[in-house]
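The lines below spell out each chain.
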Amino acid sequence: MAKLSQHRLASYAAVVAATLIGAACVCPSAVAGECPKDKFKEDVRAEVKTPAQGVTDTTLGSIDLEKEPANIKGRELRFRKLTILPGGVVPWHSHGDRPALIFVQKGEIEEYASNCSVSIVHKTGDIKPELHDTSHWWKNVGKETVILYVADVRRDPNDHNM
């Protein structure tokens, strides 16, 4: 397969990110699992120190948003692929300064959120918005590899949180 130029790859990333955002806004039936209302409570789950394991995080493209008509200084739109093996863990992280959309392309994965007393299951085809009030970690408790596509808006280029 021919290598794509950085500009073209970034353009593809922007199109896919826009598609994910549009799908999240237009297709409520595609939204991922949510915390049951009776299990929702602020700070019900403490931070977990389990490190990343069995997960590969590959940046597929990024766009410096300051150089685009949006002119958002110091922000980058980043598009990534996370591959999580059975038993794999995406470690605890916050989205306080990094909103994201997660698309579950393959498999089923559990999310453990700071504001939900039970795990939240996300399945193939689900889209999960991750907003400023989201702190969580994810685990593949199944027997098949999970593939997630992630579009996020990052401020700090040294922020390597998944």
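Residues numbered from 1 in each chain as written. Predicted model: local features only at pLDDT ≥ 70, side-chain atom pairs only at ≥ 80, totals over all residues. Heavy atoms only, no water.

**Student:** In this structure, what is going on with the overall build of the protein chain? I would like to understand it.
**Tutor:** Scanning the protein chain for helices and strands turns up 1 helix and 8 strands. Sequence-ordered secondary structure for the protein chain, helices as α and strands as β, is α-β-β-β-β-β-β-β-β. Taken over 162 residues, the protein chain has a buried fraction of 37%. Residue pairs in contact within the protein chain that sit at least 24 positions apart in sequence constitute 76% of those at least 6 positions apart. In the structure as shown, the protein chain presents an accessible area of about 9,200 Å², 56% of it carried by carbon and sulfur atoms. (Helix = DSSP H or I, 4+ residues; strand = E, 2+ residues; numbered from the N terminus. Buried < 20%, exposed > 50% of the residue type's maximum accessible area, 1.4 Å probe, protein only. Contact = heavy atoms within 4.5 Å. Areas by Shrake-Rupley, 256 points an atom, 1.4 Å probe, with all protein chains shown as cover.)

**Student:** Quick question: what am I supposed to make of the pairing of strand E3 (residues 100-106) here?
**Tutor:** The side chains of a regular strand alternate between both faces of the sheet. In this sheet, strand E6 (residues 127-130) lies alongside E3 in antiparallel orientation, the contact comprising 4 bridges. Among the inter-strand pairings, Ile102 is bridged to a residue of E6, identified as Lys128. In this structure, E3 lies alongside strand E8 (residues 146-154), joined through 6 bridges in antiparallel fashion. From the neighbouring strand, Leu101 faces E8, where its bridge partner is Ala151. (Pairing = 2+ DSSP bridges.)

**Student:** So what exactly am I meant to see when it comes to the state of the cysteines here?
**Tutor:** Two cysteines form a disulfide when their sulfur atoms are joined by a covalent bond. For the structure shown, the criterion picks out 1 disulfide. Across a sulfur-sulfur distance of 2.1 Å, Cys35 and Cys116 are joined as a disulfide pair. One disulfide, between Cys35 and Cys116, carries an S-S torsion of 90 degrees and so falls in the right-handed class. Taken together, the residues Cys35 in the loop between helix H1 (6-26) and strand E1 (53-64) and Cys116 in the loop between strand E4 (108-113) and strand E5 (120-123) connect sequence positions 81 residues apart. (Disulfide = S-S within 2.5 Å.)

**Student:** Mind showing me how you'd approach the packing of aromatic side chains here?
**Tutor:** When we look at a pair of aromatic rings, we describe it by the centre distance and by the angle of the planes. For the structure on display, the rule yields 2 aromatic pairs. Here Phe79 and Tyr149 contribute two aromatic rings whose centre-to-centre distance is 5.9 Å and whose plane-to-plane angle is 10 degrees, an arrangement assigned as stacked. Of this pair, Phe79 sits in strand E2 (residues 76-94) while Tyr149 sits in strand E8, and the two are 70 residues apart along the sequence. With a centroid separation of 4.4 Å and an interplanar angle of 20 degrees, the aromatic rings of Tyr112 and Trp137 are classed as stacked. Linking Tyr112 in strand E4 with Trp137 in strand E7 (residues 135-139), this pair joins segments that are 25 residues apart in sequence. (Phe/Tyr/Trp six-rings, centres within 6.5 Å; stacked < 30°, edge-to-face > 60°.)

**Student:** Explain the pattern of salt bridges to me, please; I cannot follow it from the model alone.
**Tutor:** Should their charged atoms come close, side chains of opposite charge can pair. With the rule as written, the count across this model stands at 9 salt bridges. Notably, a salt bridge pairs Arg98 with Asp152, separated by 2.9 Å at the nearest N-O pair. You can see Arg98 sitting in the loop between E2 and E3 and its partner Asp152 sitting in strand E8, a full 54 residues away along the chain. When sorted by exposure, Arg98 lands in the same class as Asp152, which is buried. (Salt bridge = Lys/Arg side-chain N within 4 Å of Asp/Glu carboxyl O.)

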